[in-house]
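Observations on the three-dimensional arrangement
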Amino acid sequence: MKKYEVVVVGAGPAGLSAAIECARAGAKVLVADENNKPGGQLFKQIHKFFGSKEHKAGVRGIYIGEQLLKETENLSIEVWLGSEVCGIDADKSVWIIKNKEESCCVKAERIIIASGATENSIAFEGWTLPGVMGAGAAQTMMNCYRVLPGKRVLMIGSGNVGVIVSYQLLQAGAEVVGIVEAASALGGYGVHTAKVRRAGVPFYTGYTVKRGIGEKYIEAAEIVKLDSDWKHIPGSEKILTADTICLAVGLTPLIELAWLAGCRFTYSAKLGGHIPVHNKYMETTVKGIYIAGDVSGIEEASTAMEEGRLAGISAAWSLGYYDDQEAEILIEEEWRKLNLLRCGQFGVNRKVSKDEILNKWEEMRNE
Amino acid sequence: MSRIKEHPILGNEIRRKKVTIYCDNREIKAYEGEMIAAALIANGIRTFRYTKRFDKPRGLYCGIGRCTDCVMTVNGIPNVRTCITPVEEGMVITTQEGLGCWERSGDNEKI
């Protein structure tokens, strides 16, 4: 059985950052990812990132992805692509279907799970028709494969994903017939919301989608106004002609591997669902198993990269590649950067929720 | 629905190597390295399969290999996730009915 000091699951922003830190410290690392290309969802993010300069603010996601790949290559990190991790045992054996055909098992001293997230759905009449898709799916088609998924698109959800993908649909040449938001206020950052508004896209606040209309695929959408109890108001329906309905209604962490590994969980609505409880070193309740990125709570790619670094540094430290003093300085620095990303009107909620998870870890340790 | 020829961030489309694939006997030009789902949507094909019990159409949904809504029969193998499977020269793709069936020589047993 092949042995590695660290096995990282997922080659997205969190996983690659974690692997880079481990390799930089001197550890022998393997990264496994089920996709044929590394980078996770970074390569569809053609918008400029937020935060400060040290968080690469103003740089488009695609270029951040390229930088990460270059660092990974420079450090000669072993990356298995097309290789799905399907199990983690208590003794840290990692089961992988290598190259989609060969089942194999590798032994790890430390595991960093950076499995990411999946998009949420909402169910409505007609939602299974071709033409209803995740906003991320539309983004992948446009920005990774240069294929326009539809010509007239209705966006459900006005959060960052909803407004950013709407703008990218306009950039790619589609028409966005509207952005529907069930809440009374819009959910996205002002900079992105303003861009689509300036482009003339109508917002329907206090509305939801009631029905997707069409026989073989979407031809129109019916939206309806909601009352203060989130119930449909009869008579307030509007029909919008559209060939595509995109759903941008949040994300859920992909936690299956952490469950299999025996990690303990807590529920956090603000972070997207059940989250593996972890400490400030990103270590879960299972010793030697770390998490980073969206699996530890839905945030942004910039946060995922810092968390990945934090997990990587912590894992390398626990393997003896840093002494306590060196590790403390590096870890403090990562926390400083994370705190900068978790402040302000949008960030502070995530900061509070993350603190609750850290407290939960302390509670569980003392049980 | 169509290819994006010009793009303010990604730039103009660069020439890529073409491959020929077949969907329900229709010849389709695809680009090397792109996923089957992308090639089909670019050529106006949106329905990838029909469900087993109610014969309802399904197409691309999550685009990252999680939801399995976009599965089709590819080179005789049913339930292939077309959003994460790259095209290959001469690939034969069929709209899948229900759970599909294995199309190997001398073995057409429905599953």
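Residues numbered from 1 in each chain as written. Chains lettered and ligands numbered in written order. Predicted model: local features only at pLDDT ≥ 70, side-chain atom pairs only at ≥ 80, totals over all residues. Heavy atoms only, no water.

Observations regarding the interface of chain B and chain A
The criterion, for reference: Residues are treated as being in contact if the distance between any of their heavy atoms lies within 4.5 Å. Once two parts are brought into contact, the accessible area they lose, counted with a 1.4 Å probe and summed over both, makes up the buried area. A carboxyl oxygen of Asp or Glu within 4 Å of a side-chain nitrogen of Lys or Arg is what we treat as a salt bridge. N or O atoms closer than or at 3.5 Å make up a polar contact, with two conditions inside protein: a donor-capable atom paired with an acceptor-capable one, and, for residues adjacent in sequence, both atoms drawn from side chains.
Between chain B and chain A, the residue contacts involve 34 residues of the former and 45 residues of the latter. The junction of chain B with chain A conceals about 3300 Å² of combined surface from both sides, 55% of it contributed by carbon and sulfur atoms. Interface area lost by chain B to chain A is led by B:Ile4, B:Arg46 and B:Tyr61, which between them contribute 23%. A:Glu34 serves as the salt-bridge partner of B:Arg81, at 3.9 Å between the closest nitrogen and oxygen. Counting across the interface, chain B meets chain A through 10 residue pairs in polar contact (both at pLDDT 80 or more).

Describing the sheet that holds strand S9 (residues 96-97) of chain B
So the rule is basically this: In this scheme, strands are said to pair when DSSP sees at least two bridges between them. Working definition: helices are DSSP H or I runs of at least four residues, strands are E runs of at least two. Numbering for both runs from the N terminus.
Spatial ordering of the open sheet is given by S5-S4-S9 (chain B), a layout of three strands whose pairing is mixed. The open sheet is flanked by strand S5 (57-58) and S9 of chain B, the only strands paired with a single partner.

Here's the deal with the pattern of salt bridges
All names here are of chain A. The condition that has to hold: Here's how the labels work: a residue is buried when its accessible area is under 20% of the maximum for its type, exposed when over 50%, partly exposed in between, all with a 1.4 Å probe on protein chains only.
Enumeration according to the criterion identifies 27 salt bridges over all chains in this entry. For Arg24, the salt bridge identified is with Glu21, shortest N-O distance 3.1 Å. A residue pair is termed a helical-turn pair when its members lie 3 or 4 positions apart in one helix, as Arg24 and Glu21 do in helix H1 (residues 13-25) at three residues. For Arg24, a relative accessible area of 48% gives the class partly exposed. With a shortest N-O distance of 2.8 Å, Glu299 and Arg342 are connected by a salt bridge. Here Arg342 lies in the loop between helix H8 (324-341) and helix H9 (344-366) and Glu299 lies in the loop between strand S20 (289-291) and helix H7 (301-318), a separation of 43 residues in the sequence. Taking the relative accessible area as the measure of exposure, Glu299 reaches 12% and is therefore buried. For Arg342, a relative accessible area of 3% puts it in the buried group. One connected set of salt bridges, linked through shared partners, spans Glu299, Glu307, Arg342, Arg350 and Lys354.

Thoughts on the environment of A:Cys105
All names here are of chain A. One can find Cys105 in strand S6 (residues 102-113). The exposure class assigned to Cys105 is buried, which follows from its relative accessible area of 14%. In sequence terms Cys105 and Lys92 are 13 residues apart; their C-alpha atoms lie 10 Å from each other. Discounting residues that sit within four places of it in the chain, Cys105 has contacts with Met1, Lys2, Ser93, Val94 and Trp95.

As for unusual backbone geometry
All names here are of chain A. At Arg146, a position not held by glycine, the phi torsion is positive, near 55°. Relative to the elements of secondary structure, Arg146 occurs in the loop between helix H3 (135-145) and strand S9 (147-148). Given a relative accessible area of 10%, Arg146 falls into the buried group.

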